[in-house]
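Understanding the architecture of this molecule
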Amino acid sequence: MNNSTMNNFLKCTVIAAFMLGTLTTYAQKKFGGLALYTVREDMGADAKATLQAVSDAGYKNIEAAGYEDGKYYGMTPTDFKDLLQSLKLKPISTHQSAVTLDNADKMMVDAKAAGFKYFVVPIPPMGMFTFNQEDRTMGMTGTVEDLAKILTSLGEKANKAGLKLLYHNHDFEFKKNAAGIVPIDYLLENIDPKLLNFQMDLFWVTKAGANPIAYFNKYPGRFKIWHVKDMDEQGRFAPVGKGSIGFENILANKELAGMKYYMVEQDMTFDGLKPLDAIKISHEGIKEIGFK
């Protein structure tokens, strides 16, 4: 090999190494999950472009919140799965607010076909959830015993479908109901963890005045996915790292909690901030806090 050939070879080797390093660095930047509820309006307008933006922002995992008539954001489960794969996004969990004991089997078949691992019940199902428009408070009708029976049945169906069932909290589940029962405690204590575990929304736990770490200690291993969203000084939703929730201490207890995944979420944005910009700020936030 003459000197000219050797020099060209060395140059190509250096360039290839640089490109490989750059690609590796880029790949390492992709981490964390996003709840697509955050960008629901963008998903409705152009799902593919929005998912591309989610991937470009550095997210690796997603949680869906757009199932209707057997489709995810207007796509069949397999088409949705293929789109995510093409964008290097992984389907982890799906919120299925319209689930009932009658439609659960079909929903779970679709969730499995789309590649999801976790089937999440985001509110008390089957008409039990209440929302007061005037004061924007949430609650539920019926009894927590009824809710537990429904979730137990759904957990059995999920197991048969090869999925894991989670229940997602808001604030009212951490407050005593008319019967003096704290709903979240009742569910944790009366439903077999083989049938149901939990997605802890850290904003709503904080809003309720409860302590996430205290729950991790009392019910270790039960909180498989977290919703990570911050709270500003007015008590509103904020990008992660731009509010007052002490995520570092909570994160230090992830093994105790049983956390397998976390999803950034911001229900609403304020002061002109667009959701697609908010998710970029939150991704930088989770990086600074130490989420991986």
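Just so you know, these numbers come straight off a predicted model, no measurement behind them.

Some words on the overall build of the protein
Regarding its fold elements, the protein presents 12 helices and 14 strands. Relative to its length of 292 residues, the protein is compact, with a C-alpha radius of gyration of 21 Å against a globular reference of 19 Å. If you line up the protein on its principal axes, its C-alpha atoms span 90 × 40 × 35 Å. Considering only contacts within the protein whose residues lie at least 6 apart along the sequence, 76% involve residues at least 24 apart.

Some thoughts on unusual backbone geometry
The residue M126 is not glycine, and still its phi comes out positive at about 60°. Looking at the secondary structure, you find M126 in the loop between β6 (118-121) and β7 (129-132). Positive phi, normally seen in glycine, also occurs at D271, with a value near 55°. One can find D271 in the loop between β14 (261-264) and α12 (275-289).

Some words on the pairing of strand β8 (residues 137-140)
As defined by bridge partners, β7 adjoins β8 across 4 bridges and the pair is classed as antiparallel. By the bridge assignment for β8, N132 is matched with T137. Taking the residues between adjacent antiparallel strands as the criterion, β7 and β8 are bridged by 4 residues, where R136 takes a positive phi near 55°.

Here's the deal with the sheet that holds strand β11 (residues 223-228)
An order of β1-β2-β5-β6-β9-β10-β11-β14 is seen for the 8 strands of this closed barrel, with the pairing classed as parallel. On average, each strand axis in the sheet is tilted by 30° relative to the strand beside it, whichever way the strands run. As paired elements, strand β9 (residues 164-168) and strand β10 (residues 197-201) share 3 bridges and run parallel to each other. Bridge pairing in β10 places L166 opposite N197.

Some words on the confidence of the model for the protein
Looking at the protein as a whole, the pLDDT averages 93, with 90% of positions reaching at least 70. Note that residues 2-27 has pLDDT below 50 and, in this model, 2 contacts with residues that lie over four places away or in other chains.

Topic: the pattern of salt bridges
Pairs can form between side chains of opposite charge once their charged atoms are near each other. For the coordinates displayed, the defined rule picks out 8 salt bridges. Between K106 and D110 there is a salt bridge, and its shortest N-O distance comes to 2.6 Å. Of the two residues, K106 and D110 are both situated in helix α5 (residues 104-113); the distance of 4 residues between them amounts to about one turn of the helix. Among the ionic pairs, D201 bridges to K229, the shortest N-O distance being 3.0 Å.

Rules used in this analysis
Residues numbered from 1 in each chain as written. Predicted model: local features only at pLDDT ≥ 70, side-chain atom pairs only at ≥ 80, totals over all residues. Heavy atoms only, no water. Helix = DSSP H or I, 4+ residues; strand = E, 2+ residues; numbered from the N terminus. Rg over C-alpha atoms; globule rule 2.2 N^0.38 Å. Contact = heavy atoms within 4.5 Å. Pairing = 2+ DSSP bridges. Axes fitted to C-alpha atoms, helices over the stretch in contact; angles between N-to-C directions. pLDDT = per-residue confidence, 0-100. Salt bridge = Lys/Arg side-chain N within 4 Å of Asp/Glu carboxyl O.

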